[in-house]
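This is what each chain is made of:
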Amino acid sequence: MGVALRKSAQWTAAGYGARTLEITPLNEVILKEIMMFVESFIYKHPQEAKYVFAEPLEWKTSLDPSAFESGYIVSETTVKSEEVDKDGQPLLFLSVPHIKIRSFGQLSRFLLTAKDTKLKEAQACIEANRDPVTKILGLDYNAMKDDTSVVHILDKITKDGDPESEIKMKLGVLLKHLDLHLLNHSLKHISLEICLNPAIVKNDIERLKHLSGKGEQTVLESIDYTSDYEFSNGCRAPPWRQIHGEICYVVVKPHDVDTLCITCSAEGVFLNGGKTDDEGGINYERKSEIYKDLVTFLKEKSAKFLENMSKQDVRFSEEWKKEKELKEAPKKEEEPTLQKALPASGKSVLEKNQINFGKSQMTKRLEPSLNWKATVDFKDGGSAQESQEERHGGRLERSGPLVSPGRAQLVRKSAEKIEEIISESSSESEEDEEPPDHRQEANADLPSEYWQIQKLVKYLKGGNQTATVIALCSMKDFNLAQETCQLAIRDVGGLEVLINLLDTDEVKCKIGSLKILKEISHNPQIRRNIVDLGGLPIMVNILDSPHKSLKCLAAETIANVAKFRRARRAVRRHGGITKLVALLDCAQNSQEPAQSSLYDARDVEVARCGALALWSCSKSYANKEAIRKANGIPLLAGLLKTSHENMLIPVVGTLQECASEENYRAAIKAERIIENLVKNLNSENEQLQEHCAMAIYQCAEDKETRDLVRLHGGLKPLASLLNNTDNKERLAAVTGAIWKCSISKENVTKFREYKAIETLVGLLTDQPEEVLVNVVGALGECCQEYENRVLVRKCGGIQPLVNLLVGINQTLLVNVTKAVGACAAEPESMAIIDRLDGVRLLWSLLKNPHPDVKASAAWALCPCIQNAKDAGEMVRSFVGGLELVVNLLKSDNKEVLASVCAAITNIAKDQENLAVITDHGVVPLLSKLANTNNDKLRHHLAEAISRCCMWGRNRVAFGEYKAVAPLVRYLKSNDPNVHRATAQALYQLSEDADNCITMHENGAVKLLLDMVGSPDQDLQEAAAGCISNIRRLALATEKARYT
């Protein structure tokens, strides 16, 4: 932890007063990881939690003594823990505002007590205790804090004769592991950061200006810099703010939200405190999260911008591409001419200079400048490398490197993870983003292995068969998992030699080459080089070899290489999918005598490697289809019956990937695969459990599959796996499977029997978002039943659910609004929701830019309004709430419209609220929606019209706005809910004579007569009442004619 805080955490510059942690995303990540470690410490390591620190951790706390409960002696200004050390001193002592803590147990309890302020407390603790590890373990640890060897730490601590030395040793190891975890986490965070520069920011602003102005189709009303002065480095921020990486400040006026004052910095874009009273002054304090660019920021803040920008995206992209082509064309013409004009030595100098130039572009940091420019436009466009990010199929592409040299290596390390994310897109029409080709510099300080491997590659190139085999064996002895060794092979042309060896007739050379390729192909750049050099077609051909060792190695190497789209496509186009599927059936097709156990083991290994390669290939839709057409599903189903766990993991992994397609789900049912997936949930292997649960999650969209999971006893192991929360990936898969299975009521009954609902409520806090989405989704389904709603309330589940309403994850918000809405159907739960301000939070989600969130929030509001004690007054208490609901009737999304109509039906039960929404123009907006064919919308629209008729002259207004004739057509629908709602609406409308005439002209009487005989009593009465009103009008008209 000490090394991470010194080297990774970002501290304010030294100056007056103590240095403090900056408010940055990286620091937040580090603090949250430390908090998670400390909070769980008391449960995971109870013995070590009692260890008394060498010195107490001291800081100023904002926590009040009244926050402490059992286990503490509390007075007005002091708090002492009942837990004491061997000298009788308390392990926690608070004398407002100073606090001293002397054990991890008390530190863990303190954070749990702090609740919402725990992040602030953790920051204060770290700032006041810059070297916490030394205070915890003593000065003997301080003497070796720069030594990274765990062995040395253990040796140093165990020399102490203290009887507690063993606990101290374990604590030292735990803190060292935390340190490494924090450093690794920091590296991943830094490597994925996107750095902006003045060129990118200016380019974005100029294009947004081009698309802004008056009118509904523009993306913004206006966007302007706060300052017209521009420094020579392209920044407009004052020099004392450029030190913090800030580039410029812009004032943006969107169509649908208030004016925004935005800071554009190297780290990203965020909302600042706005203009101050001083002329031209800015409140620089960050007021929002940091977004990767200006467009992403505005898409989050403005629904109108999101809508209009999506229409402009295609044109925006095409213009930029044309611009880029025009800029690059002259450069491409100049290069060959320049190359020809130079002698050989000159060319090498030019190449070196080009490399150095690229490096300088990569390493150049944004530096403050005091040189003012009197112009707003960039004039030295060649000096600043312009780069534009575009989104294609869910991935980011970049025209040039934007990382500093310290981060270049981190990007390499994290490239594999990034590549995995990119490859999940099922679209194969586009080429993957090619990462920068990282080559070792000639003058770099490289280890001896690099040069030794390069010598071996020379032997491979020029030696005879024996020398080649010896060189391959020697090369295999190196640590090929190390990046230096991998790049050494590539940099000297070793990949070409290894791939050429695959095309020889010598089996030993092929085996040696494949063993090396299998190891080094874990590197994302090398796997791309293998594809570029045509290695995949050769490996695919080796799959036909009679030698099982060759087949295994070729399939494993393909599994490593096929991690990106272009590689997967190459495997399919060269017939690799069919050959890999054939490997799954290796035992039946083999010509060797099946008499030894070695033969059986080889067959299993061949099938395992084939499944491993298919797992990698199955991340694309086209390959999934190819596997299905090659009859792969029955073979995978057969392999599921094996007892070999290392075989089952890739088999289940392949099925899990493929189960996202409907064709596969039908085939999985037909092959009775669900039974085996359920059986393997009881395995001891966590990875196998995870993939089985994920496969069930994918398949359980279908009701028959959900029933099969229950019939084969799959619900009980799923419920029991909820208790193991250490493995978050498995927990996410298990909760996902429970969510989908909970869609069936019979399964919900079983989950209640297995106490799964109580466990799910316990998982509503301190879990990653991917787990929370599934947990809340499962509770939303379970709470459709009254007994489960009561159970969730009694387990204290209402508050954590309401707390999740302030999140930003779209799927999580959809699920949590559904769960809160389901709980609100029970009056006691509704009272808790109202007390926790849950209704206001739901109402605020109606402003969310995502239609699914809006719709789900509107549905959730319906039971809230129905079950609130004073619903009318509660609704009126939300300032601008009724106007917001009415304006949502202008949406284009059918689900949003249906949900809002349902909400209006409930709102209109209160006469005052009905009067207010009438004033806001609800009648013309509802009338405008009448010409729809969507039965769900028809049902709720008719109910809303029926309710709104009960105020003033709304009945007449609906007739004037032509809503009556379309309503009559609703009676021809096949949905009985539509019939009932429409008949009730027509009954209310028939109180007006003109509406009766319109109904009669449109054939309503005949349709209503058929419904008078309906078994639905409400429909009967409404239909009869409407006919009665029409008949009365007819009689009155006839009587008037004769008199």
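This structure is a prediction, so every number in the text was calculated from the model and none was measured.

**Digging into the overall build of the chain**
The helix and strand tally for the chain stands at 57 helices and 13 strands. The buried share of the chain, taken over its 1043 residues, is 51%. Roughly 49,800 Å² of accessible area belongs to the chain as shown, and the carbon and sulfur atoms make up 50% of that amount.

**What to know about the sheet that holds strand E10 (residues 268–271)**
Ordered in space as E6-E8-E9-E10, the 4 strands form an open sheet in which the pairing is antiparallel. Sheet topology places strand E6 (222–225) and E10 at the edges, where each strand pairs with a single neighbour. Averaged over all adjacent pairs, the angle separating strand axes in this sheet is 25°, with direction ignored. As paired strands, strand E8 (residues 246–253) and strand E9 (residues 260–265) are joined by 6 bridges and run antiparallel to one another. Residue pairing in the sheet places valine 252 in a bridge with leucine 260 of E9.

**Examining helix H19 (residues 494–501)**
An α-helix turns once every 3.6 residues. As a result, residues three or four positions apart point the same way. Across the 8 residues that make up H19, a large majority, 6, are buried. Of all the residues in H19, the buried ones are Gly494, Leu495, Val497, Leu498, Ile499 and Leu501.

**Let's talk about empty space enclosed by the protein**
In the structure shown here, the tally under the stated rule is 5 cavities of 30 Å³ or more. Of the pockets and cavities examined, the largest cavity occupies roughly 170 Å³. Put simply, the parts of the chain that give the lining of the largest cavity at least two residues each are helix H2 (25–44), strand E1 (52–60), helix H4 (104–114), helix H5 (118–128) and helix H6 (132–137).

**Some points on the packing of aromatic side chains**
Enumeration over the complete set of coordinates arrives at 10 aromatic pairs. Seen from their ring centres, tyrosine 249 and tyrosine 284 are 5.4 Å apart, and the 45° between their planes marks the pair as tilted. In this pair, tyrosine 249 sits in strand E8 while tyrosine 284 sits in the loop between E10 and helix H12 (294–301), placing the two residues 35 residues apart along the sequence. When the centroid spacing of 5.1 Å and the interplanar angle of 40° are considered together, the rings of tryptophan 843 and phenylalanine 878 count as tilted. In this pair, tryptophan 843 sits in helix H44 (residues 838–844) while phenylalanine 878 sits in the loop between helix H46 (871–876) and helix H47 (881–887), placing the two residues 35 residues apart along the sequence. Side by side, tryptophan 843 and phenylalanine 878 carry an identical accessibility label, which is buried. An aromatic cluster is built from Phe37, Phe41, Phe53 and Phe104, whose rings are joined through pairwise contacts. Cation over ring: arginine 236 sits above tyrosine 225, and NZ or CZ is 3.7 Å from the ring centre.

**Topic: the state of the cysteines**
The bond known as a disulfide is covalent and runs between the sulfur atoms of two cysteines. Scanning the model with the defined rule gives 0 disulfides in all. Cysteine 264 supplies the cysteine sulfur nearest to cysteine 261, a cysteine that is in no disulfide, at a spacing of 10.0 Å. Taking relative accessible area as the criterion, cysteine 261 reaches 9% and is therefore assigned buried.

**A look at the UniProt feature "coiled-coil region" (unreviewed entry) in the chain**
Mapped onto this structure's residue numbering, the UniProt feature "coiled-coil region" (unreviewed entry) falls at residues 667–694. Between the end C-alpha atoms of residues 667–694 there is a gap of 17 Å, over a span that is 75% helix and 0% strand.

**Topic: the sheet that holds strand E5 (residues 98–103)**
With respect to topology, 5 strands assemble into an open sheet ordered E1-E5-E4-E3-E2, the strand pairing being antiparallel. Of all strands in the sheet, those with a lone pairing partner are E1 and strand E2 (72–74), marking the two edges. Taking each pair of neighbouring strands and ignoring which way they run, the sheet shows an average axis angle of 10°. Direction of pairing for E2 relative to strand E3 (residues 78–81): antiparallel, over a ladder of 3 bridges. Bridging from a neighbouring strand, valine 74 pairs with valine 79 of E3. Of the strands in this sheet, E1, E2, E3, strand E4 (92–95) and E5 touch H4, which is tilted by about 130° from E5.

**Quick look at the pairing of E9**
Counted residue by residue, E9 has 6 buried out of 6 residues, so it is predominantly covered. Of the two faces of E9, the one carrying Leu260, Ile262 and Cys264 and the one carrying Cys261, Thr263 and Ser265 are both buried. The hairpin formed by E8 and E9 contains 6 residues between the paired strands. As paired elements, E9 and E10 share 4 bridges and run antiparallel to each other. From the neighbouring strand, cysteine 264 faces E10, where its bridge partner is valine 269. Hairpin connection of E9 to E10: 2 residues between the antiparallel strands.

The rules behind each value
- Once a new chain begins, its residue numbering starts again from 1 and follows that chain's sequence as written.
- Only residues with pLDDT of 70 or above have their local features reported here, since the model is predicted, and side-chain atom pairs are shown and tallied only from 80 upward, although totals for entire chains, interfaces and linings are computed over all residues.
- Values shown for side chains rest on all heavy atoms present in the structure; no hydrogens or waters enter the calculation.
- In DSSP terms, a helix is any run of H or I states spanning at least four residues, a strand is any run of E spanning at least two, and both are numbered starting from the N terminus.
- Burial status follows relative accessibility: with a 1.4 Å probe on protein chains alone, a residue under 20% of its type maximum counts as buried, one over 50% as exposed, and anything between as partly exposed.
- Here the open area of atoms and residues is found with the Shrake-Rupley method and a 1.4 Å probe, where only the protein chains shown may cover a residue.
- Only strands that DSSP links by at least two bridges are regarded as paired with each other.
- Note on method: axes are straight lines fitted to C-alpha atoms, helices fitted across the in-contact stretch only, with angles between N-to-C directions ranging 0 to 180 degrees.
- Think of a 1 Å grid over just the protein atoms. A cavity is a set of points where a 1.4 Å probe fits yet cannot get out, a pocket is an open set with protein on both sides within 12 Å along at least five of seven lines, and lining residues have an atom within 4 Å of a point.
- Grid points are joined across faces, edges and corners, and a volume is the space filled by probe spheres set on the points.
- Two rings belonging to Phe, Tyr or Trp (six-membered ring only in the last case) form a pair when the distance between their centres is within 6.5 Å. Interplanar angles under 30 degrees mark stacking, angles over 60 mark edge-to-face geometry, and anything in between is tilted.
- A ring has a charge above it when a Lys NZ or an Arg CZ is no more than 6 Å from the ring centre and no more than 35 degrees off the ring normal.
- Only a pair of cysteine sulfur atoms within 2.5 Å counts as a disulfide in this structure description.
- UniProt positions are given in the numbering used here, feature names are shortened, and annotations may be inferred rather than shown by experiment.
- Residue contacts follow a heavy-atom distance rule, with two residues in contact if any of their heavy atoms lie within 4.5 Å.

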